[in-house]
Amino acid sequence: MFTIKEFVQPKTIEEAYSILVSRRNNTLIGGSAFLRMGSKKIDTAVDLSKLELNYIKNQDDYIEIGAFTSFREIETSPLLVNNFNGVISNAVKNIIGVQFRNIVTVGASVFSKYGFSDLITALLALDTEVELYKAGRMRLDEFLKRPYERDILTRVFIKKNQRQASYQQLRNSVSDYPILNVAVSRLENQWIIAVGARPQTAAIARNASEELTNNLRVDDLEHYANIAAKELTFGTNERGTAKYRQVMCKVLVRRAIMEVLQCE
Ligand SMILES: Cc1cc2nc3c(=O)[nH]c(=O)nc-3n(C[C@H](O)[C@H](O)[C@H](O)COP(=O)(O)OP(=O)(O)OC[C@H]3O[C@@H](n4cnc5c(N)ncnc54)[C@H](O)[C@@H]3O)c2cc1C
């Protein structure tokens, strides 16, 4: 269990950031579900609940999600259920249980770049940007490649468009971490294939996405699945070997493309 010497609830993001960086062991607190599994000794815990970052807003061009929004809220939001073929809701609805999803937050999950993340894979297949207090706003794929730097993730923006998407996952049991997850999306002729839980952080299979975009043949979906499985790297952990993940990647990518094709 983690320990906390001091607990603060700043009312502005500026204050939260300045407390965060003032000492090495000061730590942001989201839902604290992940933090409490560890044994970190925290000097000042900076709780983000008073920053008014708990919302999903329907803006002109983007769906804007505040960092303190819970998984349950993004799972059940009519705006997210009714856009992108419900891919965000589908990605998180199997994680542990409702009480858990009522607590865990979007900002902590995206900022932490967990290799097993279901949410990151789904967001990566959409036109997603993130906003960090210090580093500013950038595309999610750019953020995922950046080296770790202390910061506060404040908002997630998903471009509002007609992108249709599918989320596929492989788990040993419903509430376990995913062995592999895949999100595929299509906007007109432009496709994105994202693969996560490899077990590294999700990444876009760029060659497969490009081939699908430039040369779609619905009778040979295996072709694109093979390219994705070949261009990405896979690792081994207690849930599966690299080889198993690579083989299953082909299955999930093919299934996801099929589902997106049916969205028409
Ligand atoms: C038992 C268990 C099983 C899980 N299974 C899955 C699963 O199957 N699929 C899946 O996708 N996820 C899974 N998760 C992860 C979960 O969905 C959340 O991503 C995770 O708990 C972090 O969310 P939190 O709000 O609890 O973060 P916290 O525990 O509060 O924080 C986690 C980290 O993020 C930092 N942080 C918090 N907020 C911010 C912010 N706004 N900006 C920058 N840094 C911040 C904290 O300082 C900390 O380092 C699991 C977690 C647990 C504990």
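Residues numbered from 1 in each chain as written. Predicted model: local features only at pLDDT ≥ 70, side-chain atom pairs only at ≥ 80, totals over all residues. Heavy atoms only, no water.

## A look at the domain arrangement of the protein
For clarity, the threshold we go by: As used throughout, domain bounds are those supplied by an automatic or database domain assignment. Every residue pair with non-hydrogen atoms within 4.5 Å of one another is taken to be in contact. Reported buried area values correspond to the accessible surface (1.4 Å probe) lost by two parts on association, with both partners' losses combined. Basic side-chain nitrogens of Lys or Arg form a salt bridge, by our definition, when they fall within 4 Å of a carboxyl oxygen of Asp or Glu. Each polar contact in these results corresponds to two N or O atoms within 3.5 Å; when the atoms are within protein, one needs to be able to donate a hydrogen and the other to accept it, and residues that are neighboring in sequence are counted only if both atoms are side-chain atoms. Secondary structure elements follow DSSP: runs of H or I no shorter than four residues count as helices, runs of E no shorter than two count as strands, and numbering proceeds from the N terminus.
According to the domain assignment, the protein contains domain 1 (3-47), domain 2 (56-159) and domain 3 (164-262). Relative to domain 3, the C-alpha centre of domain 2 lies at a distance of 19 Å. Each partner contributes to the interface: domain 2 provides 24 residues, whereas domain 3 provides 28 residues. Note on domain 2 versus domain 3: buried area summed over both sides is about 1,900 Å², and carbon and sulfur give 56% of it. Summed over the three residues of domain 2 that lose the most area to domain 3, namely Asn94, Thr121 and Ala125, the buried surface amounts to 27% of that side. Viewed at the interface, domain 3 and domain 2 are joined by 2 salt bridges. Across the pair Asp118 and Arg171 runs a salt bridge, and its minimum N-O distance is 2.8 Å. Along the contact surface separating domain 2 from domain 3 lie 10 residue pairs in polar contact (both at pLDDT 80 or more). Looking at the side of domain 2 that touches domain 3, the elements that each hand over two or more residues are helix 4 (87-92), helix 7 (118-124) and helix 8 (140-145). When residues of the side of domain 2 that touches domain 3 are assigned to their parent elements, the largest contribution, 5 residues, is made by helix 7.

## Some words on the sheet that holds strand 11 (residues 190-196)
Hydrogen bonds between backbone groups are what pair the strands of a sheet, and the pairing can be parallel or antiparallel. So the rule is basically this: Paired strands, as defined in this entry, are two strands with at least two bridges between them according to DSSP. Fitted lines through C-alpha atoms serve as axes, helices being fitted only where they are in contact, and the angles separating the N-to-C directions of these axes extend from 0 to 180 degrees.
Spatially, the 4 strands line up as an open sheet ordered 9-10-11-12, and their pairing is antiparallel. Where the open sheet ends on each side, the last strands, each with one partner, are strand 9 (164-171) and strand 12 (203-204). In terms of strand pairing, strand 10 (residues 178-187) meets strand 11 through 7 bridges, oriented antiparallel. Residue Val182 lies in a different strand from strand 11, and its bridge partner there is Val195. Its contacts with the sheet put helix 9 (residues 206-214) on strand 11 and strand 12, and the angle it makes with strand 11 is roughly 155°. Sheet strands touched by helix 11 (residues 242-262): strand 9, strand 10 and strand 11. Its angle to strand 10, the strand with the most contacts, is close to 35°.

## Points about the packing of helix 10 (residues 221-231) against helix 11
Counted only if it meets this: Working definition: roughly parallel below 35 degrees, roughly antiparallel above 145 degrees, roughly perpendicular at 65 to 115 degrees, and oblique for all remaining angles. By definition, any crossing whose near helix is turned counterclockwise from its far helix by less than a right angle is left-handed, and any crossing with a clockwise turn is right-handed.
Running from N to C, helix 10 and helix 11 cross one another at 135°; their axes reach a closest spacing of 8 Å. Between helix 10 and helix 11, the angle is such that the two are oblique. As for how helix 10 packs across helix 11, the hand of that crossing is right-handed. Each of Leu221, Glu222, Tyr224, Ala225, Asn226, Ala228, Ala229 and Lys230 in helix 10 lies in contact with helix 11, whose residues at this interface are Gln246, Cys249, Lys250, Val253, Arg254, Ile257, Met258 and Leu261.

## Quick notes on the sheet that holds strand 3 (residues 41-47)
Pairing is parallel across the open sheet formed by 3 strands, whose spatial order is 1-3-2. Bordering the open sheet on either side are strand 1 (3-8) and strand 2 (27-29), each of which pairs with just one other strand. Averaged over all pairs of adjacent strands, the angle between strand axes in this sheet comes to 40°, irrespective of strand direction. The pairing of strand 2 with strand 3 spans 3 bridges and is parallel. Along strand 3, the bridge assignment pairs Thr27 with Ala45. Of the strands in this sheet, strand 1, strand 2 and strand 3 touch helix 1 (residues 13-22), which is tilted by about 175° from strand 3.

## Quick look at the packing of aromatic side chains
We count it as follows: Between the rings of Phe, Tyr and Trp (Trp by its six-membered ring), a pair exists once the centres lie within 6.5 Å; its type follows the angle of the planes, with under 30 degrees stacked, over 60 edge-to-face, and the other angles tilted. Think of it in three bands: residues with accessible area under 20% of the maximum for their type are buried, residues over 50% are exposed, and the middle band is partly exposed, with areas taken using a 1.4 Å probe on protein chains only. The criterion for a charge sitting over a ring is simple: Lys NZ or Arg CZ within 6 Å of the ring centre, and within 35 degrees of the ring normal.
Enumeration over the complete set of coordinates arrives at 8 aromatic pairs. Between the aromatic rings of Phe111 and Phe143, the centroid separation amounts to 6.0 Å while the plane-to-plane angle is 40°, which identifies the pairing as tilted. Of this pair, Phe111 sits in helix 6 (residues 106-111) while Phe143 sits in helix 8, and the two are 32 residues apart along the sequence. A single burial state applies to Phe111 and to Phe143, both of which are buried. Relative to Tyr148, the ring of Phe111 lies with its centre 6.1 Å away and its plane at 75°, an arrangement referred to as edge-to-face. In this pair, Phe111 is assigned in helix 6 and Tyr148 in the loop between helix 8 and strand 8 (153-159), connecting sequence segments 37 residues apart. Every member of this aromatic cluster is reached through a ring pair, and the members are Phe34, Tyr114, Phe116 and Tyr177. Directly above the aromatic system of Tyr55 lies the positively charged group of Lys57, at a separation of 4.2 Å from the ring centroid. Just above the ring of Phe157 sits the side chain of Arg137; from NZ or CZ to the centre is 3.7 Å.

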